[in-house]
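Read off the chains here:
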There are 2 protein chains.
Amino acid sequence: MTAFYREHDRFIVSVDCVIFGLYNGRLSILLTRRKFEPEMGRWSLMGGFVKENESVDDAAKRVLFDLTGLENVFMRQVHTFGAVDRDPGARVISVCYCALINVDEHDYKRVRSHDANWIDMAEMPELGFDHHDMVENALRMLKRRFASEPIAFSLLPRFFTLTQLQQLYEVVVGDSIDKRNFRKRVAENPCIEKTELIDKTMSRRGAALYRYNDKLGSQSRFHI
Amino acid sequence: MTAFYREHDRFIVSVDCVIFGLYNGRLSILLTRRKFEPEMGRWSLMGGFVKENESVDDAAKRVLFDLTGLENVFMRQVHTFGAVDRDPGARVISVCYCALINVDEHDYKRVRSHDANWIDMAEMPELGFDHHDMVENALRMLKRRFASEPIAFSLLPRFFTLTQLQQLYEVVVGDSIDKRNFRKRVAENPCIEKTELIDKTMSRRGAALYRYNDKLGSQSRFHI
DNA sequence: TCAAAAGTGTTCAGGGTACACCCATGG
DNA sequence: CCATGGGTGTACCCTGAACACTTTTGA
């Protein structure tokens, strides 16, 4: 390190992850109760500290993996929170990330061992620190991105019905969507391919299974 | 500080400011040549280090003020860049901000003393580190926000003509706009008030002067 | 035969875009 | 009288939203 850098103040840097999940058909968020002061016992986001030998993005991935066992999920940086006294325990600059996962795919045991709970977004408790701001920011970003990027498909099985896809959009957007309009847009999108397969688990009649094809490059977007 | 925090790695945190400006009718960016290693002599963004007793946002404001003498300008956090080796001189985590200013209002002497130059966006040189990513991100954010938030009015004099307003939008959006359609949208927007004043400096005929009124709360938006 | 989910088209309104000419004035 | 910038209205298209009934089949 050159002399120029030596003299500057240094900071603890953390990542706080807003982990959204689909938990029996509803949008939920992974929260834990803090196990140490300050604010011990208060609900809070999943956080961790950045280490010297990892990038900030990698720190976020590590935290997500530790908690859920999942890799390669939709994960984005939301904002960096750097107020001087945002954490009363110490000066900590926190980079907030958000992820959206399928609760069924993650590793329950990991979540349990971290004393984390899935909480329905409609019943979100008060959170410590500036975590409420983080959740608001993250949710706004999630809704925006979800409606314009093909995030949904990483949450569905490889083959899915249009009803499943629509329900997923409805949960995230937080509103109901007209079935015919929805299917019209799907039909116009070359990335969503109908297969010959039929799913009979949800109805007597059976529903056509579709597949997402991202090989279409820049066209692999789906804007509901 | 509780014992819990003591053991964590600490980082130098910087802010890098992408300062866009309107310089004789074109979108420009404020750049400087690095005066120390690594990458001495390379064009780079305006940066500074966060200090222990200031928030990250305040650090960005301080850097902007030091460079331009301006306060209360449109200034937003863009993204945090945290790759391990993004700065070959040391591990530095950098929070990127962007600002858009009116070049005529700032303090030239400050800029000069920092050896900073306004460079037309069309002629942007190669930058050191990950500064090119920062500029791309910042420009994308600026265009998005400029088209949906009333940023323009802080760059214009208190009274302005519709031609001035339109030219400003054209410069930032980087495309030309139909005059009649533009004026139609202005007319529909209650925040842009026509005054009785006439500006005769730009034409023989004279142009009506308008004023922005942000007292209309949530309606004080102008979406071109 | 009925319950439960799948599937299917049309209409309408509003917003966005394209487009060309007259006006006022100072020099 | 002319050069310069200021100012104005309409037609069309396309997208997005609203809306209800038929089909299939296992139990």
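Summary of the structure given here. (Residues numbered from 1 in each chain as written. Chains lettered and ligands numbered in written order. Predicted model: local features only at pLDDT ≥ 70, side-chain atom pairs only at ≥ 80, totals over all residues. Heavy atoms only, no water.)

Glancing now at a positive patch on the surface. Residue and element names in this part refer to chain B. Judged by side-chain charge, Lys179, Arg180, Arg183, Lys184, Arg185 and Lys194 come together as a positively charged surface patch. Counting residues per element, the positive patch draws most heavily on helix α6 (residues 179-188), at five residues. Here Arg185 falls in the partly exposed class, since its relative accessible area comes to 30%. (Patch = residues over 30% accessible without salt bridge, like charges linked within 9 Å, V, L, I, M, F, W, Y side chains within 5 Å. Areas by Shrake-Rupley, 256 points an atom, 1.4 Å probe, with all protein chains shown as cover. Salt bridge = Lys/Arg side-chain N within 4 Å of Asp/Glu carboxyl O. Lys, Arg positive; Asp, Glu negative; His and termini not counted. Charge placed at Lys NZ, Arg CZ, Asp CG, Glu CD. Helix = DSSP H or I, 4+ residues; strand = E, 2+ residues; numbered from the N terminus. Buried < 20%, exposed > 50% of the residue type's maximum accessible area, 1.4 Å probe, protein only.)

Moving on to the sheet that holds strand β9 (residues 192-199) of chain A. Residues and elements named next belong to chain A. Across the sheet, three strands lie side by side as β8-β10-β9; this open sheet has antiparallel pairing. Sheet topology places β8 (159-160) and β9 at the edges, where each strand pairs with a single neighbour. Here β9 pairs with strand β10 (residues 207-212) via five bridges, running antiparallel. Within β10, the residue paired with Ile192 across the bridge is Tyr212. (Pairing = 2+ DSSP bridges.)

A few words on the sheet that holds strand β8 (residues 159-160) of chain B. The strand order β8-β10-β9 (chain B) describes an open sheet built from three strands, whose pairing is antiparallel. Edge strands, defined here as strands with exactly one partner in the open sheet, are β8 and β9 (192-199) of chain B.

Looking now at unusual backbone geometry. With glycine set apart, most residues show a phi of negative sign, and most peptide bonds adopt trans. Residue and element names in this part refer to chain B. Phi is positive for Asp115, which is not a glycine, with a value near 60 degrees. Within the element layout of this structure, Asp115 appears in the loop between α3 (108-113) and β7 (116-120). In the Ramachandran plot, Phe129 falls in the positive-phi region, its phi being about 50 degrees despite a non-glycine side chain. With respect to the helices, strands and loops of the structure, Phe129 is situated in the loop between β7 and α4 (131-146).

Take the side chain of Thr32 of chain A next. Residue and element names in this part refer to chain A. Tracing the sequence through the fold places Thr32 in strand β2 (residues 26-33). We classify Thr32 as buried; its relative accessible area is 8%. Among all residues touching Thr32, those that are not within four sequence positions of it are Arg42, Trp43, Ser44, Leu45, Met46, His114, Asp115 and Ala116. (Contact = heavy atoms within 4.5 Å.)

Let us now look at the protein's contact with DNA strand C. For DNA strand C, the set of nearby residues contains 19 residues, the closest of which are Lys179, Arg180, Arg205 and Ala208 of chain A together with Arg205 of chain B. For DNA strand C, the fraction of protein-proximal atoms (within 4 Å) that sit in sugar or phosphate groups is 37%. Arg183 of chain A places a side-chain nitrogen or oxygen 3.2 Å from a phosphate oxygen of DNA strand C. Mapped onto the surface near DNA strand C, the elements with two or more residues apiece are α6 (179-188) and β10 of chain A together with α6 of chain B. Ranked by residue count, the leading element in the surface near DNA strand C is α6 of chain A, at four residues. Along the lines of polarity and charge, the residues of the surface near DNA strand C split into three nonpolar, four polar and 12 charged. (Near = heavy atom within 4 Å. Polar contact = N/O pair within 3.5 Å; in protein donor to acceptor, adjacent residues only side chain to side chain. Nonpolar A, V, L, I, M, F, W, Y, C, P; charged D, E, K, R; others polar.)

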